Amino acid sequence: MIPLSWYLILAAAIFCIGVYGVLARRNAVAILMSIELMLNAVNINLVAFWRYMSPGVISGQAFAVMVFAVAASEAAVGLALIISIYRRRFTVAAEEIDMLKW
Amino acid sequence: MTLVQILFLLFGLVTLLASLMVVTSPKLVHAAFWLILALAGVAALFILLEATFLAVVQVVVYIGAIAILIIFAVMLTRRVMHDTGPQVNRSWWVALLVSLVLFGGLVLMLAQVPALAGTPAPLMVDQETLLEDLGRALVDADRYVLPFELASVLLMASMIGAIFVARPPSGSEERSGER
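I will try to describe carefully the structure that is included in this document. All values reported here derive from a predicted model rather than from experimental measurement.

Thresholds applied
Residues numbered from 1 in each chain as written. Chains lettered and ligands numbered in written order. Predicted model: local features only at pLDDT ≥ 70, side-chain atom pairs only at ≥ 80, totals over all residues. Heavy atoms only, no water. Helix = DSSP H or I, 4+ residues; strand = E, 2+ residues; numbered from the N terminus. Contact = heavy atoms within 4.5 Å. Buried area = accessible area lost by both parts, 1.4 Å probe. Salt bridge = Lys/Arg side-chain N within 4 Å of Asp/Glu carboxyl O. Polar contact = N/O pair within 3.5 Å; in protein donor to acceptor, adjacent residues only side chain to side chain. Nonpolar A, V, L, I, M, F, W, Y, C, P; charged D, E, K, R; others polar. Buried < 20%, exposed > 50% of the residue type's maximum accessible area, 1.4 Å probe, protein only. Lys, Arg positive; Asp, Glu negative; His and termini not counted. Phe/Tyr/Trp six-rings, centres within 6.5 Å; stacked < 30°, edge-to-face > 60°. Patch = residues over 30% accessible without salt bridge, like charges linked within 9 Å, V, L, I, M, F, W, Y side chains within 5 Å. Areas by Shrake-Rupley, 256 points an atom, 1.4 Å probe, with all protein chains shown as cover. Axes fitted to C-alpha atoms, helices over the stretch in contact; angles between N-to-C directions. Parallel < 35°, antiparallel > 145°, perpendicular 65-115°, else oblique. Expected span 1.5 Å × (residues − 1). Arc of directions from axis to C-beta.

Attention now goes to the environment of Ala151 of chain B. With respect to the element layout, Ala151 of chain B can be found in helix α6 (residues 145–166). Each residue touching Ala151 of chain B, except ones within four places of it in the same chain, is listed here: Met66 and Ala69 of chain A.

Below you can see the structure in the form of structure tokens.
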């Protein structure tokens, strides 16, 4: 069988790839995609810990379902914001959206 | 090396490569397609973890809804950042450093936890019982009914908010002419 650490290292790698994407990409849609990657890494961890540590208690899967709901609402609101900004400012580059910066 | 381990390495490698392509692909549409592959790889990992219901939910919610939503957003905003020019900002090397340091720290931390090398006990119950337990846990007053209802309220609020935010501004013709 597969050791638990394999899953954890894979999830850590995917999470760090997501961190790089969030920090480095210019396009706001690409940043949202990287956030989805990070949420997926968290889900892998939740399900792996459920399977290896406490398969009798269903809480790991229940929390993964919550993460799904949060990811869906985050994607909907984030993409609506991006489309709204695109309508008003004709840009989706993150560094050009700086109205709140001083 | 058993068959399950080979399958894990295969799916893990596909997921990892697809994730790398998501953050490095210069064309945003290609990045969205790579994201779909990465999400499918995660669904396969869920099947390896014997969480079959979550694998189905992953395909339905992530690939069916979120990835399609992202592709729509890419199509709607693609005129501005024409797939040319730099896709990363000036300080991308700081981001690379941060993520590498984070990964190194996480791996070092994992190496110090002793209980991670063990293999899991086989599941005592079959998948139907597991799914029934999950369904009951989500509506049981003693377990997760409050987070579940909170998640549904959050989903509805975000749906209304998304409709409100994405609505075209009133008098958008003058505003776009003015620019």
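Another point: the interface of chain A and chain B. Every contact between the two is made by 73 residues of chain A and, on the other side, 85 residues of chain B. Interface of chain A and chain B: buried area, both sides summed, is about 7400 Å²; carbon and sulfur atoms make up 78% of it. Where chain A meets chain B, there are 1 salt bridge. With its nearest N and O atoms 2.9 Å apart, the salt bridge here joins Arg51 of chain A to Glu50 of chain B. Counting across the interface, chain A meets chain B through 7 residue pairs in polar contact (both at pLDDT 80 or more). Contributing elements (two or more residues each) for the side of chain A that touches chain B: α1 (4–24), α2 (28–53) and α3 (59–89) of chain A. The leading source of residues in the side of chain A that touches chain B is α3 of chain A, at 26 residues. Taken together, the residues of the side of chain A that touches chain B break down into 54 nonpolar, 12 polar and 7 charged.

With respect to the helices and strands, the residue Glu36 of chain A is situated in helix α2. Although buried, Glu36 of chain A forms no salt bridge, and the nearest oppositely charged side chain, Arg25 of chain A, lies 15 Å from it. Discounting chain neighbours no more than four positions away, the residues touching Glu36 of chain A are Ala71, Glu74 and Ala75 of chain A together with Tyr62, Ile66 and Ile70 of chain B.

With that settled, the discussion passes to the packing of aromatic side chains. This structure, assessed with the given rule, holds 5 aromatic pairs over all chains. An aromatic cluster of at least three residues, connected via ring pairs, comprises Trp6, Tyr7 and Tyr52 of chain A together with Phe8 of chain B.

Residues and elements named next belong to chain B. For the structure on display, the rule yields 3 salt bridges over all chains. Two residues, Arg143 and Asp133, come together in a salt bridge whose shortest N-O distance is 3.3 Å. Of the two residues, Arg143 is situated in the loop between α5 (127–139) and α6 and Asp133 in helix α5; the sequence distance between them amounts to 10 residues. Residue Asp133 is classed as partly exposed on the basis of its relative accessible area, which comes to 22%.

Our next topic: a nonpolar patch on the surface. A surface patch of nonpolar side chains, about 640 Å² in accessible area, is lined by Leu23 of chain A together with Trp92, Trp93, Val94, Leu96, Val98 and Leu100 of chain B. Of the residues forming the nonpolar patch, the biggest block, 6 residues, is contributed by helix α4 (residues 92–112) of chain B. By the element assignment, Leu100 of chain B lies in helix α4. You can call Leu100 of chain B exposed: its relative accessible area is 53%.

Let's shift gears to the packing of α2 of chain A against α3 of chain A. All names here are of chain A. The contact between α2 and α3 brings their axes to 9 Å, and the two run at 175°. Classified by the angle their axes make, α2 and α3 are roughly antiparallel. Contacts between α2 and α3 involve Ala28, Val29, Leu32, Ile35, Glu36, Leu39, Asn43, Leu46, Val47 and Trp50 from the former and Gly60, Gln61, Phe63, Ala64, Val67, Phe68, Ala71, Glu74, Ala75, Gly78, Leu79 and Ile82 from the latter. Along the lines of polarity and charge, the residues of the contact of α2 with α3 split into 16 nonpolar, 4 polar and 2 charged.

Before going further, it helps to spend a moment on helix α1 (residues 3–24) of chain B. For an α-helix, the turn length of 3.6 residues means that residues three or four places apart are oriented alike. Its 22 residues place the ends of α1 of chain B 32 Å apart at the C-alpha level, agreeing with the 32 Å of an ideal helix rising 1.5 Å per residue. When α1 of chain B is considered as a whole, its buried residues turn out to be Gln5, Phe8, Gly12, Thr15, Ala18, Ser19, Val22 and Val23 of chain B. Seen along its axis, α1 of chain B keeps its buried residues to an arc of 165°; they face one direction. In α1 of chain B, the exposed positions that point more than 90 degrees away from the buried face belong to Leu3, Leu10, Leu13 and Leu17 of chain B. Against α1 and α2 of chain A together with α2 (28–48) of chain B lie the buried residues of α1 of chain B.

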